[in-house]
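Here's the letter readout for the chains.
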Amino acid sequence: MCTQEAFQAQRSQLVGLLVSGSLEGFESILDWLLSWEVLSWEDYEGLSLLGQPLSHLARRLLDTVRNKGAWGCEQLVAAIREAQTDCQAPELSGCWDPHSPHPARDLQSHRPAIVRRLYSHVEGVLDLAWEHGFISRYECDEIRLPIFTSSQRARRLLDLATVKANGLAAFLLRHVQELPVPLALPFEDTACKKYMSKLRTTISAQSRFLSTYDGAENLCLEEIYTENVLEIRTEVGLAGPPQKSAVTLGLEDLFSTRGHLNEDADTVLVVGEAGSGKSTLLQQMHLLWAAGRDFQEFLFVFPFSCRQLQCVVKPLSVQMLLFEHCCWPDLGQQDVFQFLLDHPNRVLLTFDGFDEFRFRFSDRERHCSPTDPTSVQNLLFNLLQGNLLKNARKVLTSRPDAVSAFLRKYLRLELHLKGFSEEGIELYLRKRHRDPEVADRLIRLLKGTSALHGLCHLPVVSWMVSRCHQELLLHGGGSPKTTTDLYLLILQHFLLHASPPDLVPRSLGSGLLRGRLPTLLRLGRLAVSGLGTCCYLFSAKQLQEAHIDREDISLGFLVHAKSVVPGGAASLEFLHITFQCFFAALYLVLSADLSPSLLRQLFNCHRPRSSLLARLLPPMCVPRSEGQEGGTAALLREAEPHNLRITAAFLAGLLSREHGGLLAEGQASEKTLLQLQACTRGCLSRSLHEHFHSIPQAVPGEAKSMHAMPGFMWLIRSLYEMQEERLARQAVRGLKVGHLKLTFCGVGPAECAALAFVLRHLGRPVALQLDHNSVGDLGVEQLLPCLDVCKALYLRDNNISDRGVCKLVEHALQSEQLQKLALFNNKLTDGCAQPMARLLACKGNFLALSLVGNNIGSVGAQALALMLEKNMALEELCLEENHLQDEGVCSLAKGLERNSSLKVLKLSNNCVTYLGAEALLWALERNDTILEVWLRGNTFSPEEIERLSQSDTRLLL
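What counts and how
Residues numbered from 1 in each chain as written. Predicted model: local features only at pLDDT ≥ 70, side-chain atom pairs only at ≥ 80, totals over all residues. Heavy atoms only, no water. Helix = DSSP H or I, 4+ residues; strand = E, 2+ residues; numbered from the N terminus. Buried < 20%, exposed > 50% of the residue type's maximum accessible area, 1.4 Å probe, protein only. Contact = heavy atoms within 4.5 Å. Areas by Shrake-Rupley, 256 points an atom, 1.4 Å probe, with all protein chains shown as cover. Core = buried A, V, L, I, M, F, W, Y, C linked by side-chain atoms within 4.5 Å. Salt bridge = Lys/Arg side-chain N within 4 Å of Asp/Glu carboxyl O. Axes fitted to C-alpha atoms, helices over the stretch in contact; angles between N-to-C directions. Parallel < 35°, antiparallel > 145°, perpendicular 65-115°, else oblique. Nonpolar A, V, L, I, M, F, W, Y, C, P; charged D, E, K, R; others polar. Pairing = 2+ DSSP bridges. Right-handed = clockwise from strand over helix to strand, strands pointing away. Phe/Tyr/Trp six-rings, centres within 6.5 Å; stacked < 30°, edge-to-face > 60°.

Q: What exactly am I supposed to notice about the overall build of the protein chain here?
A: Helices and strands together make up the secondary structure of the protein chain, namely 47 helices and 21 strands. Burial statistics for the protein chain: of 957 residues in total, 60% are counted as buried. Restricting to contacts in the protein chain with at least 6 residues of sequence separation, those with at least 24 account for 77%. Looking at the protein chain as shown, the accessible area adds up to about 38800 Å², and 52% of this sits on carbon and sulfur atoms.

So, in structure tokens, the structure goes:
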């Protein structure tokens, strides 16, 4: 028996027990207490308040239960025990009558089992409930907020069913019973159970704290994790009709059945730029599995780091890889391994950072034996192909440049991690700064400095901004514009915190850099050496050889790498790969041993393993340095292209005029610095000219078109980092390109800022095509300065909302050149139609507009119809795949009656019935300008299609 007095005496221990887990665990306890009717509905609502600290909720729960007497105290202890058991049980026992006369009561009585059954299917159930009219779209969106886990979304759906009296509870009770039961544990073997428990404990300990970027403080991953934009990566260059919008997924949808490239493949690839959050995504995935909250279809999860695997020299078998390099079974190793081989579908392997694996993917050497050792690269490649552990799911993360066509043949699904949305940036900063006043000030600063705001879509940059918030808030109007500015700011931040308080200079330019120059050079030399040898983990021996001492490490730029293998050799790594590239660039410009001629080796375009930057630059700007084939030059030639691009962009930023005074502190000769600056400016300008001149001549009568080569955006970013208007003007002087195509080039807000900085100096109008990128509303804002030189702007599939379009329209009204605008497959609603209609009504030179694949309804159609009555220049209006329905089409039909310019109106897939088509026929009788009205994919019977086709051949059905 548990008396109230004993319960009160153990209060502090109980509070510690309740808050030591997660919010998910706390809510599981509430589930059990609700189902046992220990808590009333009013009690539960008071314990489910959003934003309350877990410790506060725990104490409130203890007070509530204590007031219910000894029985309530006993039930709480039992609920804690059941919630802990939940993590290990794939399915809870529970059977209910799907046709119960009291569905709301039964939902509560069986709540733990129903939550467990529902959480993997909550998205589909929400859609079904909405289709049947049980919940509104607003309620769906509230439940789907990204701050909730799948289990929390399931609970909030059940909560809604409790208070709604429209049949939702009965619907859920029936439908949840029909959902597939989570796979039960298929064995009773003690060794396997103990191994699974050990694996969960090990991975939970490794994943609980976020240390991806920061070694100076431990951040609880669950408290700080913020979802990124994760989309199914679409195929490049598919022919046919316009593609649907890229499908945005949550982490729980990582193994979605949609968008499969190869149904027989086992590997899911997540690509994203450096700093986009790939490692943190995997860490969150591991934590959810270890806590029993998601991905429970897998009994065993094995996480690996490619940067650690490439350090393995000896041959490995699958068994050695799993047990020696992840988690060793304490007993029955052969039995456990045999179970893994017999049930590969219950196994998940994750490989983080494939781009840091020095070996290129190959399918030439087949290896099918799970017990015979082979090289680590051959083992990995055969796992990804499915020659080993076929049907075991593999998740691979990589930067896009490292993914070859050979590898893509073996992918089941390719996902693109695009970093934070604008809302994600704000949510992350509020999680990082619990003081609302600090968070508000920082968010206001970002919104007022669009360049810095655009950089923050990369989580690594958001972390840096959060870490340097005091310096940023004190800067006022002098916030960083470029990536180089920001990394110099965090360099200052770390150096200031490592200096004695009474001797702290307030900026890098006041002696702080000079005082730490030896340390920075040693770290920079280590960074260059690592890039050249594809080494990102540094052993104690390597650090000793580089003369890195404890004081150097204490600055915080080198942190301890997490080793999966217990007792593995300790090693250090840079905070992030971008920091390693930054220090490499810093070394190149600060080292007194480097001459300008040696620096030019970075731009060498003659050697086969040179960077893309080097291949793009013209020979005339890279004089060969006879007799200076030093170690640094050799290292630069061997560095991976994607890392060398980042390093070179940092180099351009460091050599800008703005930072010249800072670098002069560490330069032996001002003349040398000036030579380096001049060399870099000349190389960038000439290389961009060379890039443009390599474009084939245009077909007679057509504008010259250029599809950017992979390194084009790197050149533009490097020009932007130097922040010199004259250099940008010189780089595009005389350019004769009518159409610039940058589709699938990873263009985000930061790249948009760079494009605008350079392209606004073009001498003639250009059509700028940025389809299938990550422009977003922030990127639209960055593009505005170059709108005056755009005759057409294509922004298909770029996550742009009404807010971004409103900004675009505001500036487009002042642009004389813009004649075409394509916004296919974005996130536009009726809210964008009014400003878009105003643009078209005011500007008489617009020829086409596309709003395909958005969410425009009848209200938006009314605004566009009024525009059609005034605009006498628009020739094509594309509104396919929206939600116009008959009401919207009837409005457009009225607008057509008074329009004399429109030739093509595309209304396919808009839920139009015969009623809307009749309105169009009426308008066509009074309009002889229109040539085509597309109505394919709407709601017509075969007889109606025949009748409409005979009525007017301009209707394309």
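Structure shown, so let's carry the discussion forward.
Q: Explanation requested: the nonpolar core in the structure shown.
A: Note that soluble globular proteins tend to have their nonpolar side chains buried in a common cluster. Among the nonpolar cores identified, the biggest contains 252 residues, and Phe302 and Phe712 are the most heavily contacted of them. Counting residues in each nonpolar core, the second largest holds 27 residues, with Leu107, Ala129, Ile135 and Leu157 among its members.

Q: Even after reading the chapter, I still don't get the pattern of salt bridges, so can you show me in this structure?
A: Between side chains of opposite charge, pairing is possible as soon as their charged atoms come close. With the rule as written, the count across this model stands at 42 salt bridges. With its nearest N and O atoms 3.7 Å apart, the salt bridge here joins Asp266 to Lys390. Remark: Lys390 occurs in the loop between α19 (376-385) and β8 (393-398) and Asp266 occurs in the loop between β4 (248-249) and β5 (267-271); sequence separation between them is 124 residues. Judged by its relative accessible area of 5%, Asp266 is buried. Notably, a salt bridge pairs Arg430 with Asp440, separated by 2.8 Å at the nearest N-O pair. Here the residue Arg430 occupies a position in helix α21 (residues 422-432), and Asp440 occupies one in helix α22 (residues 436-448), the gap between them amounting to 10 residues.

Q: So what exactly am I meant to see when it comes to the packing of helix α38 (residues 712-722) against helix α40 (residues 749-759) here?
A: To characterise two packed helices, one gives the angle between the axes of the helices and the distance between these axes. Orientation of α38 relative to α40, taken along the N-to-C sense of each, is 75 degrees, at an axis distance of 9 Å. With respect to α40, the element α38 is oriented roughly perpendicular. Contacts between α38 and α40 pair Phe712, Met713, Ile716, Arg717, Leu719 and Tyr720 from the former with Ala750, Glu751, Ala753, Ala754, Leu755, Phe757 and Val758 from the latter. Each residue belonging to the contact of α38 with α40 can be placed in one class, and the counts come to 11 nonpolar, no polar and two charged.

Q: Any chance you could explain the pairing of strand β14 (residues 766-769) here in plain terms?
A: Along a regular strand, successive side chains alternate from one face of the sheet to the other. Alternating positions in β14 separate into two faces, Val766 and Leu768 on one and Ala767 and Gln769 on the other, with burial throughout. Sheet analysis places strand β13 (residues 739-741) next to β14, joined by three bridges and oriented parallel. Paired with Leu740 across the strands is Leu768, a residue of β14. A crossover links β13 with its parallel partner β14, the connecting element being α40, and its sense is right-handed. In the sheet, β14 pairs with strand β15 (residues 790-794) via four bridges, with the strands oriented parallel. Following the sheet pairing, Gln769 is matched in β15 by Tyr794. On the question of chirality, the crossover connecting β14 to the parallel β15 by way of helix α41 (residues 776-783) is right-handed.

Q: It is not clear to me how unusual backbone geometry should be interpreted in this structure. Could you clarify?
A: Excluding glycine, residues mostly have negative phi values, and the peptide bonds linking residues are mostly trans. Of note, Leu389 is a non-glycine position whose phi angle comes to about 50 degrees, a positive value. Within the secondary structure, Leu389 is located in the loop between α19 and β8. On the accessibility criterion, Leu389 (10% relative accessible area) is buried. Backbone geometry at Cys911 places phi at a positive 60 degrees, although glycine is not the residue there.

Q: Whenever I open this one, the sheet that holds β8 confuses me. Can you help?
A: One open sheet accounts for seven strands, arranged β4-β3-β9-β5-β8-β7-β6; its pairing is mixed. Every other strand in the sheet has two partners, leaving β4 and β6 (300-305) as the edge strands with one partner each. Where strand β7 (residues 347-352) and β8 come together, four bridges link them in parallel fashion. Pairing of Thr350 across the sheet is with Val395, part of β8.

Q: What's the story with the packing of aromatic side chains in this structure? I'm lost.
A: This structure, assessed with the given rule, holds 29 aromatic pairs. Their ring planes at 75 degrees and their centres at 6.1 Å tell us that Phe323 and Phe337 sit as a pair that is edge-to-face. You can see Phe323 sitting in helix α17 (residues 318-324) and its partner Phe337 sitting in helix α18 (residues 333-342), a full 14 residues away along the chain. Phe337 matches Phe323 in its accessibility class, with the two residues each being buried. With a centroid separation of 6.5 Å and an interplanar angle of 70 degrees, the aromatic rings of Trp463 and Phe579 are classed as edge-to-face. Of the two residues, Trp463 is situated in helix α24 (residues 459-467) and Phe579 in helix α31 (residues 577-590); the sequence distance between them amounts to 116 residues.

Q: Just to check I follow, could you spell out the sheet that holds strand β17 (residues 848-850) for this structure?
A: Hydrogen bonds between backbone atoms are what pair the strands of a sheet, whose relative direction is either parallel or antiparallel. Reading across from one edge, β12-β13-β14-β15-β16-β17-β18-β19-β20-β21 is the order of the 10 strands in this open sheet, with parallel pairing throughout. Here the strands that pair on one side only, and so sit at the sheet edges, are β12 (705-707) and β21 (955-956). Sheet topology places strand β18 (residues 876-878) next to strand β19 (residues 904-906); three bridges connect them, and they run parallel. Residue pairing in the sheet places Leu877 in a bridge with Leu905 of β19.

Q: Quick question: what am I supposed to make of the side chain of Lys906 here?
A: Mapped onto the elements, Lys906 comes out in strand β19. For Lys906, a relative accessible area of 13% gives the class buried. Excluding residues within four positions of it along the chain, Lys906 makes contact with Glu876, Leu877, Cys878, Leu879, Glu880 and Trp934.

Q: I'm lost on α19 in this one. Help?
A: In an α-helix, one turn spans 3.6 residues, which is why side chains three or four residues apart end up on the same side. Buried residues dominate α19, accounting for nine of its 10 residues. Listing the buried residues of α19 in full gives Val376, Asn378, Leu379, Leu380, Phe381, Asn382, Leu383, Leu384 and Gln385. Against the buried residues of α19 lie β5, α16 (306-309), α17, β7, β8 and α20 (405-408). Gly386 sits one or two residues past α19 and shows a positive phi near 95 degrees.

Q: Looking at this structure, I do not really get the pairing of β15. What am I missing?
A: The buried count for β15 comes to four of five residues, which makes it a mostly enclosed element. Pairing analysis gives three bridges linking β15 to strand β16 (residues 820-822), with the strands arranged parallel. Directly across from Leu793, in β16, lies its bridge partner Leu821.

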